[in-house]
Amino acid sequence: MRITCLIASLCLALPALAQGQDAVADKLEQAFRDWAGTHDVARGALAATYQGNVVSQIGIGQPADTPMELANLSKAITGTCAMSLIAGGDWHEATTAADVLGQGPDVTVGQLMTHTSGYVNDATQMAMPAMLDVPDHPGIVDALLELGPPGKAGAYAYSNENYAILGRMISVETGQTYGRACADRVLRPAGVDAEVSPRTGAFAAFGGWAMPVADYAKFHAHHFGEGSILGQAPEGAPMAEMGGGAFYGPGTIWRAFRGGHNFWHFGALCFPGRMNTGAFAVQWHGGWGVSVAYDACVDWPAMAELDGVLAEAVFGEQ
């Protein structure tokens, strides 16, 4: 579904720009449809933004505005929520879990946001099936705080455990539930009204948000678009080198690109017979962004292919 211009004077004043947007949006929509067909994705949705505005959204096998599980894309909500506490002076990058919670290890906010805290085994992977359809499950965070990280801090190692602890810290610091605190701090300023998923709420801080992809696209553009603080200078936030010029920041991966920055993240929740879902969000330098979600559990090559065909739709003729 194309988002049409409702202000005639602006439509008439910018015909070339509008045509350019329509052409790119058409390519993005077709690229997603083709990819979904290749990988037997029966239900999904895509939303595209340009310079922070939603310009296109489609649904495959469902309405485009169907709330979708966002899986690991939830980490960007947690990361920007933590950044709001730093910006407000409540935290510093060196604030520790023990400082906020009165217990636990001396792992810092910066280490947790960048997966460099020493939590490497990711106990959530074994625990998550039992946590599905449970509104809250504090036991895993309690265990992490009691045992502490099994590895040495400093090296990047992606683990949900980091963001599980951040979620507890945000709740204690704000005196609110994690979901309410982050909705107020980072979703509503982006024009988004959403809540943690009733199915994956126990994963909230690391994988438990659900909303229409157009809402996530608005959030993503608001916080990582070229006009945002992070979009202009992600180096000012906690960051960890991943190799190949890529860095992990506050809930997102980014790299320098054409004098600016690209931001992206994949997500997946794979529970055979109960829930299979995936998601991807990207914000490119130049103004375009895309968020997609789908009810399928695809492999890493298929995820990389999705990234590639969407990028080709935007940059292929440049």
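Our structure is the block above this text.
What you are looking at is a predicted structure, and each value in this text was computed from that prediction instead of being measured.

Within the structure shown, the criterion is met by two disulfides. Shown here is the disulfide that connects C270 with C297, its sulfur atoms set 1.6 Å apart. Because the sign of the S-S torsion sets the handedness, a value of about 75° for the bond joining C270 and C297 places this disulfide among the right-handed ones. Taken together, the residues span a long stretch of sequence, with C270 in strand β9 (residues 260-271) and C297 in the loop between β11 (288-294) and α13 (300-315) at a distance of 27 residues.

As a further point, take the packing of aromatic side chains. Evaluated as defined, the whole model comprises 16 aromatic pairs. Aromatic side chains F203 and F206 sit 5.9 Å apart centroid to centroid with 25° between the ring planes, which places their arrangement in the stacked category. The residues F203 and F206 share a single accessibility class, namely buried. Here F203 and F271 contribute two aromatic rings whose centre-to-centre distance is 6.1 Å and whose plane-to-plane angle is 40°, an arrangement assigned as tilted. One end of the pair, F203, is in the loop between β4 (195-196) and α10 (204-207); the other, F271, is in strand β9, and 68 residues separate them in sequence. Summarising the burial analysis for this pair, F203 and F271 share the class buried. Joined through ring pairs, the aromatic side chains of Y216, F219, F224 and F263 make up one cluster.

Let's shift gears to the side chain of S159. Position of S159 among the secondary structure elements: in the loop between α7 (139-147) and α8 (160-174). Setting aside chain neighbours within four positions, we find S159 in contact with H115, Y119 and D122.

Turning our attention to unusual backbone geometry. Positive phi is not limited to glycine here, since D40 has a value of about 55°. Take D40: its relative accessible area is 68%, and that puts it in the exposed class. Despite not being glycine, A71 shows a phi value in the positive range, around 50°. On the secondary structure map, A71 appears in the loop between β3 (68-69) and α3 (74-87).

Spatially, eight strands are ordered β2-β1-β11-β10-β9-β8-β7-β6 in an open sheet, and the strand pairing comes out antiparallel. What marks the edges here is a single partner per strand, and that holds for β2 (53-60) and β6 (240-243). Adjacent strand axes in the sheet meet at a mean angle of 20° when their direction is disregarded. With seven bridges connecting them, strand β1 (residues 44-50) and β11 associate as antiparallel partners. When the sheet's bridge partners are listed, A47 is paired in β11 with S291. Running over the sheet, helix α11 (residues 213-224) touches β1, β2, β9, β10 (275-283) and β11 and is turned about 35° from β1.

It is worth spelling out the packing of α7 against α8 at this point. A packed helix pair is summarised by two numbers, namely the angle formed by the two axes and the spacing between the axes. Look at α7 against α8: their axes get within 10 Å of each other, and the N-to-C directions meet at 100°. Comparing the axis directions of α7 and α8 gives the class roughly perpendicular. When α7 is examined against α8, the residues V141, D142, L144 and L145 are found in contact with a partner set consisting of E161, A164, I165 and R168. Class assignment of the residues belonging to the contact of α7 with α8 gives a composition of five nonpolar, no polar and three charged.

Applying the stated criterion to the full structure yields seven salt bridges. Between K218 and D215 there is a salt bridge, with the nearest N and O atoms lying 3.6 Å from each other. One end of the pair, K218, and the other, D215, are both in helix α11, three residues apart, so they sit about a helical turn from each other. If you follow the salt bridges from partner to partner, you end up with D133, R199 and R274 in one network.

Analysis parameters
- Residues numbered from 1 in each chain as written.
- Predicted model: local features only at pLDDT ≥ 70, side-chain atom pairs only at ≥ 80, totals over all residues.
- Heavy atoms only, no water.
- Disulfide = S-S within 2.5 Å.
- Helix = DSSP H or I, 4+ residues; strand = E, 2+ residues; numbered from the N terminus.
- Phe/Tyr/Trp six-rings, centres within 6.5 Å; stacked < 30°, edge-to-face > 60°.
- Buried < 20%, exposed > 50% of the residue type's maximum accessible area, 1.4 Å probe, protein only.
- Contact = heavy atoms within 4.5 Å.
- Pairing = 2+ DSSP bridges.
- Axes fitted to C-alpha atoms, helices over the stretch in contact; angles between N-to-C directions.
- Parallel < 35°, antiparallel > 145°, perpendicular 65-115°, else oblique.
- Nonpolar A, V, L, I, M, F, W, Y, C, P; charged D, E, K, R; others polar.
- Salt bridge = Lys/Arg side-chain N within 4 Å of Asp/Glu carboxyl O.

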